[in-house]
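Coordinates in review
Listed here are the chains, written in short residue letters.
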Amino acid sequence: MDSFCELDCNNFDYNNSPFRFYKTNINRENIQIFMIKLIQNWNATMEWLAVHEPRILEIVPQELPCNRKEGILLSRYLILKLFGNFIQVDYNDYKKPFLVGRSENISISHTKGAAALWVSPTLNGAVDIQIMKLKINQLYPYFLNQWQQEEIIKIKDLYFRTLLLTRLWTIKEVCIKYSEEKYLGFKNNIIIPTIASLTAKNILKMDAVIRGKCATKILSMSSFCDDKYVITFTIK
């Protein structure tokens, strides 16, 4: 079964590192998905980086709010460790990231305490990672259509409802990132055949239909969750 596994510490020289690195073992040619988690507080992380990786601090704009700095730091540090050197990340006209001077296609996502990176030498794709928060139980009317809301109300267990809503949100984000269309609405433009099975606490495979202005696409995705995070990504 597809899952995430922690990368070999010997390859990443932890030195009491405040980070942990993971990758999927999905059996998909030309696709790799990586994840980094922060396991110490922000101040301790900054102190560790100042000693062991001071170069990474130079590429994080200090004027940004703390949550934005954390996201950039985590994603860029993950890229540094995977590729072995500092690579500039830039964005095209659709705000899709790319690695300057390299040919790999990438997608980046970050949330509080974690970041994810989707990499392929030949394919286009997308990834989204979100931390599960109870607040999403108040927000779902803004991004679910009527029949989806009726399905959500049937789920009485708060944990599984939060998991389902977070997973639906990541599916929306992946579809929007992949389609590169502006003003794509989850209520009307992204269709998921069934949502009841999305409460399963393991890795799932699903299809979503994107009805854009230019074309209709079927997007195949996988979604994985642990006790804290949900990560969803394209698989072909």
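Residues numbered from 1 in each chain as written. Predicted model: local features only at pLDDT ≥ 70, side-chain atom pairs only at ≥ 80, totals over all residues. Heavy atoms only, no water.

1. Considerations on the pattern of salt bridges
Defined as follows: Only one rule defines a salt bridge in this text: a Lys or Arg side-chain nitrogen within 4 Å of an Asp or Glu carboxyl oxygen. Only DSSP runs of H or I with at least four residues qualify as helices, and only runs of E with at least two residues qualify as strands; both kinds are numbered from the N terminus onward. Any residue under 20% of the maximum accessible area for its type is buried, any over 50% is exposed, and the rest in between are partly exposed; the area is computed with a 1.4 Å probe on protein chains only.
Throughout the structure, instances matching the rule amount to seven salt bridges. Here Glu 104 ties to Arg 102 by a salt bridge, and the two come within 2.8 Å at their closest N and O atoms. Put simply, Asp 128 and Lys 177 hold a salt bridge, and the shortest N to O gap is 3.5 Å. On the criterion of sequence distance, the pair formed by Asp 128 in strand β8 (residues 127–131) and Lys 177 in helix α6 (residues 158–179) is long-range, its members being 49 residues apart. Asp 128 sits in the buried class, given a relative accessible area of 3%. Each member of the salt-bridge network shares a partner with another, and the members are Glu 53, Arg 55 and Lys 81.

2. Some details on the sheet that holds strand β10 (residues 204–211)
We apply this condition: By this definition, two strands are paired if DSSP reports at least two bridges between them. The criterion used for residue contact is that any of the two residues' heavy atoms lie within 4.5 Å. Structural elements are reduced to axes, namely lines fitted to C-alpha atoms, with helices fitted over the stretch in contact, and the angle between N-to-C directions of any two is expressed from 0 to 180 degrees.
Taken together, the five strands give an open sheet; going across it, the order is β8-β12-β11-β10-β9, and neighbouring strands pair in antiparallel fashion. One side of each edge strand has no neighbouring strand; the edge strands of this open sheet are β8 and β9 (190–191). Each of β8, β9, β10, β11 (216–225) and β12 (229–234) is contacted by α6, which is oriented at about 135° to β11, the strand it contacts most.

3. Looking at empty space enclosed by the protein
Put simply, the test is: Only protein atoms enter the 1 Å grid used here. Points where a 1.4 Å probe fits but cannot escape make up a cavity, open sets with protein on both sides within 12 Å along at least five of seven lines make up a pocket, and a residue lines them when an atom lies within 4 Å of a point. Grid points are joined across faces, edges and corners, and a volume is the space filled by probe spheres set on the points. Ten residue types, Ala, Val, Leu, Ile, Met, Phe, Trp, Tyr, Cys and Pro, are classed as nonpolar, four, Asp, Glu, Lys and Arg, as charged, and the remainder, Gly among them, as polar.
With the rule as written, the count across this model stands at one cavity of 30 Å³ or more. Put simply, the largest cavity is a space of about 40 Å³. Along its surface, the largest cavity is lined by Ile 56, Ile 59, Arg 76, Ile 79, Leu 80, Asn 85, Phe 86, Ile 87 and Val 89. The greatest single-element share of the lining of the largest cavity, amounting to three residues, is contributed by helix α3 (residues 66–83). The class makeup of the residues in the lining of the largest cavity is seven nonpolar, one polar and one charged.

4. Some remarks on the environment of Lys 69
Tracing the sequence through the fold places Lys 69 in helix α3. Residue Lys 69 is classed as buried on the basis of its relative accessible area of 15%. Apart from residues no more than four positions distant in its own chain, Lys 69 is found in contact with Trp 42, Val 60, Pro 61, Gln 62 and Leu 64.

5. Let's talk about the environment of Asn 30
Considering the arrangement of structural elements, one finds Asn 30 in the loop between β2 (19–24) and β3 (32–38). Asn 30 gets classed as partly exposed once you look at its relative accessible area, which sits at 34%. Residues Asn 30 and Val 119, spaced 89 residues apart in sequence, show a C-alpha to C-alpha distance of 8.1 Å. Excluding residues within four positions of it along the chain, Asn 30 makes contact with Val 119, Ser 120, Pro 121 and Thr 122.

6. As for the confidence of the model for the protein chain
Note the cut-off: The predictor attaches a confidence to each residue, and that confidence, scored 0 to 100, is pLDDT.
Taken over all residues, the pLDDT of the protein chain has a mean of 84, while the share at 70 or more is 88%. No element of the protein chain has a lower mean pLDDT than strand β1 (residues 4–6), at 71, and none a higher one than β8, at 96.

7. Remarks on the packing of aromatic side chains
Under the convention used in this document: The rule is short: rings of Phe, Tyr and Trp, with Trp giving its six-membered ring, pair when the centres are within 6.5 Å, and they are stacked under 30 degrees, edge-to-face over 60, tilted in between.
If you walk through the whole model with that rule in mind, you get six aromatic pairs. Aromatic side chains Phe 19 and Trp 48 sit 6.1 Å apart centroid to centroid with 80° between the ring planes, which places their arrangement in the edge-to-face category. Here Phe 19, found in strand β2, pairs with Trp 48, found in helix α1 (residues 42–52); they are 29 residues apart in sequence, far enough to count as distant. Of the two residues, Phe 19 and Trp 48, both sit in the buried class. Put simply, the rings of Phe 19, Phe 21, Trp 48 and Tyr 77 touch in pairs and so form one group of aromatic residues.

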